[in-house]
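Letter by letter, the chains look like this.
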Amino acid sequence: MVGLLQKPARVSVRARATVLSTTSWVLFATSGPVAKTVMAAGWSPAAVTSARIGLAAAILIPVVAVMRPQALRFRRAELGLLFGYGLLGVAGVQLLFFVAISRVPVGVAMVLVNLAPALVALWVRLVRRTRLPGLVWLGIGLAVAGLVLVAEIWHGVRLDLIGLAAGLAAAVCSAGYFLIGERGANRHDSFGLTAGGLAIGAVAVIVVAPPWLPGSGMLDVSAGIGGLHAPVWLILVLLAALGTALPYLAGLRALRDLPPALASVLSLVEPLVAAGLAWVLLGQALGPLQLVGAAALLAGAVVVQLAAPQSGAT
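In every chain, residue numbers begin from 1 and rise along the written sequence. In keeping with the predicted nature of the model, local features appear solely for residues at pLDDT of at least 70, side-chain atom pairs appear and are counted solely at 80 or more, and the whole-chain, interface and lining totals rest on all residues. Working from all heavy atoms in the structure, the side-chain values ignore hydrogens and water.

Close contact between helix H2 (residues 45-67) and helix H3 (residues 79-101) brings their axes to 10 Å; oriented N to C, the two are set at 170°. Here H2 is positioned roughly antiparallel relative to H3, judged by the angle of their axes. Here H2 and H3 pass one another in a crossing that is right-handed. Residue-level inspection shows Pro45, Thr49 and Ile53 of H2 in contact with H3, the latter providing Val90, Gln94 and Phe98. Helix axes are fitted only over the stretch in contact, all axes being lines through C-alpha atoms; the angle between N-to-C directions runs from 0 to 180 degrees. Strands here mean DSSP runs of E at least two residues long; helices mean DSSP runs of H or I at least four residues long; both are numbered from the N terminus. When an angle is under 35 degrees it counts as roughly parallel; over 145 it counts as roughly antiparallel; between 65 and 115 it counts as roughly perpendicular; any other value is oblique. The crossing is said to be left-handed when, going from far helix to near helix, the turn is anticlockwise and less than a right angle, and right-handed when the turn is clockwise. Contacts were defined at the residue level, with two residues in contact if any of their heavy atoms lie within 4.5 Å.

Moving on, we get to the nonpolar core. In this description, a nonpolar core means a group of buried Ala, Val, Leu, Ile, Met, Phe, Trp, Tyr and Cys residues linked to one another through side-chain atoms lying within 4.5 Å. Buried residues are those whose accessible area, probed at 1.4 Å on protein chains only, stays under 20% of the maximum for their type, while exposed residues exceed 50% and partly exposed ones sit between those limits. Residues Tyr85, Ile140, Phe178, Leu198 and Tyr248 are the most contacted members of the largest nonpolar core, which totals 49 residues. Listed in part, the twelve residues of the second largest apolar core include Ala35, Ala41, Ala51 and Leu239.

Turning to the confidence of the model for the protein chain, a few remarks are in order. Reading fine detail from the predicted coordinates is not recommended where pLDDT is low. Per-residue confidence from the predictor is reported as pLDDT, a score between 0 and 100. Mean pLDDT over the protein chain stands at 83; residues scoring 70 or higher make up 85%. Across the protein chain, element-level confidence peaks in helix H8 (residues 190-208) with a mean pLDDT of 93 and bottoms out in strand S1 (residues 222-225) with 67. This model gives residues 1-6 a pLDDT under 50, and the stretch forms zero contacts once residues within four places in sequence are excluded.

Before going further, it helps to spend a moment on the side chain of threonine 49. Along the chain, the position of threonine 49 falls in helix H2. Under the relative-accessibility criterion, threonine 49 is labelled buried at 4%.

Another aspect to go through is the environment of leucine 82. By the element assignment, leucine 82 lies in helix H3. The class for leucine 82 is buried, based on a relative accessible area of 7%. When the C-alpha atoms of leucine 82 and isoleucine 180 are compared, they prove to be 8.7 Å apart, with 98 residues separating the residues in sequence. The contact partners of leucine 82, leaving out residues within four places of it in the chain, are Phe74, Leu193, Gly196, Gly197 and Ile200.

Any two of the Phe, Tyr and Trp rings considered here, Trp counted by its six-membered ring, make a pair once their centres fall within 6.5 Å; the pair's planes then place it as stacked at under 30 degrees, edge-to-face at over 60, or tilted in between. A complete count under the given rule lists eight aromatic pairs for this structure. Considering the side-chain rings of tryptophan 25 and phenylalanine 178, the 5.9 Å spacing of their centres and the 40° angle between planes classify their relative orientation as tilted. Remark: phenylalanine 178 occurs in helix H7 (residues 161-185) and tryptophan 25 occurs in helix H1 (residues 2-40); sequence separation between them is 153 residues. The class of phenylalanine 178 is buried, set by a relative accessible area of 2%. Here phenylalanine 97 and phenylalanine 98 contribute two aromatic rings whose centre-to-centre distance is 6.2 Å and whose plane-to-plane angle is 65°, an arrangement assigned as edge-to-face. Here the aromatic residues Trp25, Phe28, Tyr85, Tyr177, Phe178 and Tyr248 are joined through ring pairs into a cluster of three or more.

Laid out in structure tokens, this is it:
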């Protein structure tokens, strides 16, 4: 009887975590079109990334300091997780992705960085020695194949070893986000780890790509999307709060109750939602093959969701 009561409880916890994780990646995806309006106003992609992470840290740290001050206290044993999360999960993914898209087509870079689910599954199998159901591998393969179709990587493909290496390195950092995030979320307060990780990531990104390079006058330039217009500084604040701090926080909290192999597959929702928004907001319609790819991606995510182990042990 106790077992029957505990199983629905575990399912409910994982269902909540799945919703949190999916919400996180949907918010990350919606930040794409918003960031694009800032770039259209004259900001470089690297400067926008630097500004959004720096502002996200500046927004979240005071909130956590007031509401949960104890969350910002880290034991010495937790510093490795904190710096790993900030340098890999925040700074590494962002910086290496921009190196990749500067040298290879965006679609290729997207596919490379989204190899993270396969890397997470390999880590769980080979390092943790946890056997994953065959359907998990099938779902991951189906989802990645769907992403290849959505991204249409065969258009304008050119071989650039540095770009390919940067894309693969971004995938490694993305896998680190899930694996380190899972361990950190189970050892420390999610609010504190998110705030601290964003602060460390912001320092690393700002050193490489200072957000003030576009010039102070660029903050008052008007930018718009969908018929709405606002100054760049306001768009950056919204991008930092709703498109960076909140999704990082939701994603990390989800990793407390969600196996990293499953959480990493849910991250493939981001490029799918981004493609849908580009269709609705920017008129960039998806072709027949891309629609097939979208269906395959969703099917793969569902297969992994149904086949993944119920416990968070993986």
